[in-house]
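Fold and geometry: a report
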Amino acid sequence: MNEVWNLDPIYKGFDDPAFTADMQEMKNLVEKITAFADALPNTEPLAGLTEGVALQESFYELVGKLAGYASLRQSADTRDPDAGSKMGQVMQLYSGVAAPFAAFKDWATKLPNLMELVKGDENLKDYTFMFENMADSARYLLPGVGEAVMAKMSM
């Protein structure tokens, strides 16, 4: 029986150039998401919704790949210090988007015609359920930097 997982289809290791590139891409995405959130007050609603969804998809896909790899490495060998360290780095970056994504959620849910925009756009129509849940849960968002603080505290 094979007792070692082969994770090569994801990354060859933490020193794999693909892993390094994805970590850099995640840092770039955090900066891009932060800039996007800062510009939301002056953003046209449909363009903002579309870009917000695209940024969320890109970010969560990358987080899933990076954190998944680190988690699987750590699960295979709990004494692997690199796995714990890389997981911590990923989670630190992950917490960096809590406030910008909360700002996006707050901005989107305050649009008076949010669901009309979503249902009227072919690309956003697939996200109807997400926007409905977003609108329902918006009242629980913490104001200001509250979401960022809670993200860091939960780590």
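Everything below is about the structure shown above.
Residues numbered from 1 in each chain as written. Predicted model: local features only at pLDDT ≥ 70, side-chain atom pairs only at ≥ 80, totals over all residues. Heavy atoms only, no water.

Observations concerning the overall build of the protein
Within the protein, the regular secondary structure consists of seven helices and zero strands. Listed by position from the N terminus, the elements making up the protein come as α-α-α-α-α-α-α. Here the protein holds 155 residues, and 36% of them are scored as buried. Taking contacts inside the protein between residues at least 6 apart in sequence as the whole, the part at least 24 apart equals 76%. Here the protein displays about 9,300 Å² of accessible surface, and carbon together with sulfur accounts for 54% of that area. (Helix = DSSP H or I, 4+ residues; strand = E, 2+ residues; numbered from the N terminus. Buried < 20%, exposed > 50% of the residue type's maximum accessible area, 1.4 Å probe, protein only. Contact = heavy atoms within 4.5 Å. Areas by Shrake-Rupley, 256 points an atom, 1.4 Å probe, with all protein chains shown as cover.)

Side note on the side chain of D121
Examined against the element boundaries, D121 turns out to sit in the loop between α5 (114–120) and α6 (128–137). One buried charge, D121, has no salt-bridge partner; the nearest side chain with opposite charge is K125, at 8.7 Å. Of note is the side chain of D121, whose polar atom sits 3.0 Å from the backbone nitrogen of N123. (Lys, Arg positive; Asp, Glu negative; His and termini not counted. Salt bridge = Lys/Arg side-chain N within 4 Å of Asp/Glu carboxyl O. Polar contact = N/O pair within 3.5 Å; in protein donor to acceptor, adjacent residues only side chain to side chain.)

Topic: the nonpolar core
In terms of nonpolar packing, the biggest core is built from 37 residues, with M26, L49, F59, L66, F104 and F131 touching the most fellow members. Listed by contribution, the elements that provide at least two residues to this core are α1 (17–39), α2 (45–76), α3 (81–95), α4 (98–109), α5 and α6. Among the elements that line this core, the one with the most residues is α2, at 10 residues. (Core = buried A, V, L, I, M, F, W, Y, C linked by side-chain atoms within 4.5 Å.)

A word on the packing of aromatic side chains
If you walk through the whole model with that rule in mind, you get 12 aromatic pairs. Aromatic pair Y11 and F19: ring centres 5.0 Å apart, planes at 85 degrees, arrangement edge-to-face. In this structure Y11 comes out as buried when scored by relative accessible area, which is 1%. Accessibility expressed as a relative area gives 1% for F19, which makes it buried. On the basis of an interplanar angle of 55 degrees and a centroid distance of 6.2 Å, the ring pair of Y60 and Y94 is categorised as tilted. Pair noted here: Y60 is in helix α2 and Y94 is in helix α3, with a separation of 34 residues, a long-range link. In this structure Y60 comes out as partly exposed when scored by relative accessible area, which is 39%. The class for Y94 is partly exposed, based on a relative accessible area of 32%. Taken together, the ring pairs connect Y11, F14, F19 and Y69 into an aromatic cluster. (Phe/Tyr/Trp six-rings, centres within 6.5 Å; stacked < 30°, edge-to-face > 60°.)

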